[in-house]
Amino acid sequence: MSQPAAPAIGAHVDQTDPIAEARARQAPLVQFFLGDPQGYKGPEISYAGGSDALRDDAAAAGIDLYVHAPYIVNVATTNNRIRIPSRKLLQKHVDAAAAIGAKGLIVHGGHVNKDDDPAVGFDNWRKAIEATDLKLPLLIENTAGGDNAMTRYLERIDRVWDAIASAEGAEMVGFCLDTCHAHAGGNSLETVVADVLAITGRIDLVHCNDSRDAFDSGADRHANFGAGTIDADLLAAVVRDAAAPVVCETPGGAEEHTADFAWLRERL
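Residues numbered from 1 in each chain as written. Predicted model: local features only at pLDDT ≥ 70, side-chain atom pairs only at ≥ 80, totals over all residues. Heavy atoms only, no water.

## Brief notes about the overall build of the protein chain
- On a plain count of helices and strands, the protein chain comes out with 9 helices and 10 strands.
- Computed over C-alpha atoms, the radius of gyration of the protein chain comes to 18 Å, within 12% of the 18 Å expected from 2.2 N^0.38 for 268 residues, which places it in the range of a compact globule.
- Expressed along its principal axes, the backbone C-alpha trace of the protein chain runs to roughly 45 × 45 × 35 Å.
- Looking at the protein chain as a whole, 52% of its 268 residues qualify as buried.
- Carbon and sulfur atoms make up 47% of the accessible area of the protein chain, which totals about 11,400 Å².
- Distance between charge centroids for the protein chain: 6 Å, based on 23 positive and 39 negative side chains. (Helix = DSSP H or I, 4+ residues; strand = E, 2+ residues; numbered from the N terminus. Rg over C-alpha atoms; globule rule 2.2 N^0.38 Å. Buried < 20%, exposed > 50% of the residue type's maximum accessible area, 1.4 Å probe, protein only. Areas by Shrake-Rupley, 256 points an atom, 1.4 Å probe, with all protein chains shown as cover. Lys, Arg positive; Asp, Glu negative; His and termini not counted. Charge placed at Lys NZ, Arg CZ, Asp CG, Glu CD.)

## Some words on the pattern of salt bridges
- According to the stated counting rule, one finds 14 salt bridges in the structure shown.
- Taking the shortest distance from any N to any O, the salt bridge between R152 and D216 comes out at 2.9 Å. Remark: D216 occurs in the loop between β8 (210-211) and β9 (222-223) and R152 occurs in the loop between β5 (138-141) and α5 (154-164); sequence separation between them is 64 residues.
- Taking the shortest distance from any N to any O, the salt bridge between R159 and E155 comes out at 3.8 Å. One end of the pair is R159 and the other is E155, both in helix α5 and 4 residues apart, which spans about a single turn.
- For R159, a relative accessible area of 35% translates into the label partly exposed. (Salt bridge = Lys/Arg side-chain N within 4 Å of Asp/Glu carboxyl O.)

## Considering the nonpolar core
- Residues F32, L105, W125 and L177 are the most contacted members of the largest nonpolar core, which totals 69 residues.
- Not counting chain neighbours up to four residues away, the residues in contact with W125 comprise V75, A76, V107, H108, G109, L138, I140, M150, V160 and I164.
- If you look at the next biggest cluster of nonpolar residues, it comprises 7 residues, including L29, L139, C176 and L205. (Core = buried A, V, L, I, M, F, W, Y, C linked by side-chain atoms within 4.5 Å. Contact = heavy atoms within 4.5 Å.)

## Details of the state of the cysteines
- For the structure on display, the rule yields 0 disulfides.
- Just so you know, C176 is unpaired, no disulfide at all, and the nearest cysteine sulfur is the one on C208, 11 Å from it.
- Summary of cysteine pairing: C248 is not part of a disulfide, and the nearest cysteine sulfur, belonging to C208, is at 5.6 Å.
- Owing to a relative accessible area of 0%, C248 belongs among the buried residues under this scheme. (Disulfide = S-S within 2.5 Å.)

## A short note on the sheet that holds strand β10 (residues 246-248)
- If you trace the 8 strands once around the closed barrel, you get β1-β2-β3-β4-β5-β6-β7-β10, paired in parallel fashion. Within this sheet the neighbouring strands show an average axis-to-axis angle of 30 degrees, counted without direction.
- As paired strands, strand β3 (residues 64-68) and strand β4 (residues 104-108) are joined by 3 bridges and run parallel to one another. Looking at β4, one finds that Y66 is bridged to G104. (Pairing = 2+ DSSP bridges. Axes fitted to C-alpha atoms, helices over the stretch in contact; angles between N-to-C directions.)

## Topic: the packing of helix α8 (residues 232-242) against helix α9 (residues 254-267)
- Contact geometry for α8 and α9: axes closest at 9 Å, N-to-C directions at 80 degrees. On the basis of the axis angle, α8 is roughly perpendicular to α9. On the side of α8, the interface is formed by A232, L235, A236, V239 and R240, while α9 contributes W263, L264 and R267.
- Looking at the contact of α8 with α9 residue by residue, the classes come out as 6 nonpolar, no polar and 2 charged. (Parallel < 35°, antiparallel > 145°, perpendicular 65-115°, else oblique. Nonpolar A, V, L, I, M, F, W, Y, C, P; charged D, E, K, R; others polar.)

## Considerations on α8
- Among the residues of α8, those classed as buried are L234, L235, A236, A237, V238, V239 and A242.
- Just downstream of α8 lies A243, where phi reads positive at about 50 degrees.

## Quick notes on the packing of aromatic side chains
- The tally for this structure, following the rule as stated, stands at 3 aromatic pairs.
- Look at W161 and F175: their rings are 5.8 Å apart centre to centre, the planes differ by 70 degrees, and that puts the pair in the edge-to-face class. Linking W161 in helix α5 with F175 in strand β6 (residues 173-178), this pair joins segments that are 14 residues apart in sequence.
- The positively charged end of R267 is found above the aromatic ring belonging to W263, 4.0 Å away from the centroid. (Phe/Tyr/Trp six-rings, centres within 6.5 Å; stacked < 30°, edge-to-face > 60°. Lys NZ or Arg CZ within 6 Å of the ring centre and 35° of its normal.)

## A look at the environment of E266
- Within the fold, E266 resides in helix α9.
- E266 sits in the exposed class, given a relative accessible area of 65%.
- For the pair formed by E266 and A236, sequence separation is 30 residues and the distance between their alpha carbons is 9.1 Å.

## Some points on the pairing of β5
- Burial of the side chains of β5 extends over both faces: L138 and I140 are buried on one face and L139 and E141 on the other.
- Of the strand pairs in this sheet, β4 and β5 are connected by 4 bridges, and their pairing is parallel. Bridge pairing links H108 to E141 in β5.
- Following the chain from β4 across helix α4 (residues 118-131) to the adjacent parallel β5, one finds a crossover that is right-handed.
- Relative to β6, β5 runs parallel, the two sharing 4 bridges. From the neighbouring strand, L138 faces β6, where its bridge partner is V173.
- Handedness of the β5-α5-β6 crossover: right-handed. (Right-handed = clockwise from strand over helix to strand, strands pointing away.)

Okay, here's the thing in structure tokens:
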């Protein structure tokens, strides 16, 4: 019986020249922001030549591109002053990511306020999917902490998926599994792949990161492989079982990322 192909492994990189960053790491894929991850200003293409050049040059180089939406996007919240701009910003990033030929746009699950009924947040996710013209896969990512988070716990992820299942465009919604977030969020890495697949039916991307903090700490602080608190075999098992492309969002530049890739490949 043949062994499954090893997953493609890349890293989160600076947005100015993602292709050069990929080549510096000998990586077949990279992830990056388009513009300010903490601002509402909207996407900006830093690459010389703009969107068309980035799309064409990446295709010619055989490099897959993934875009991470700004951290401030929170389409679940009951606060209209955040939710409405978040929806507009999400659409702008969908459009920009599609224009560069990205394979997916990753977005955090968001949260409602501490005293809110989380059911409102789940329904706000449904409304957001229906309101967004999804031109590429939108990959919802599990998060590590936060009061009343939508995607920290498996039960909440299940309810988000239930809510969006009836939305037009639901088939364009996928899942990004972050190992640091799962561990810090209190989800067992021994079973998280099977648990997520049972809920979503798919894992489109793995953010493979070690964690500086303890299990169920709620803290989102990534570490290089072997320098954190997650068991090495568990990290490798998640990547193996998910059978999806991998983005390492670990600290450092090309040298550190290349070392992390080698560490991970040794254990797969």
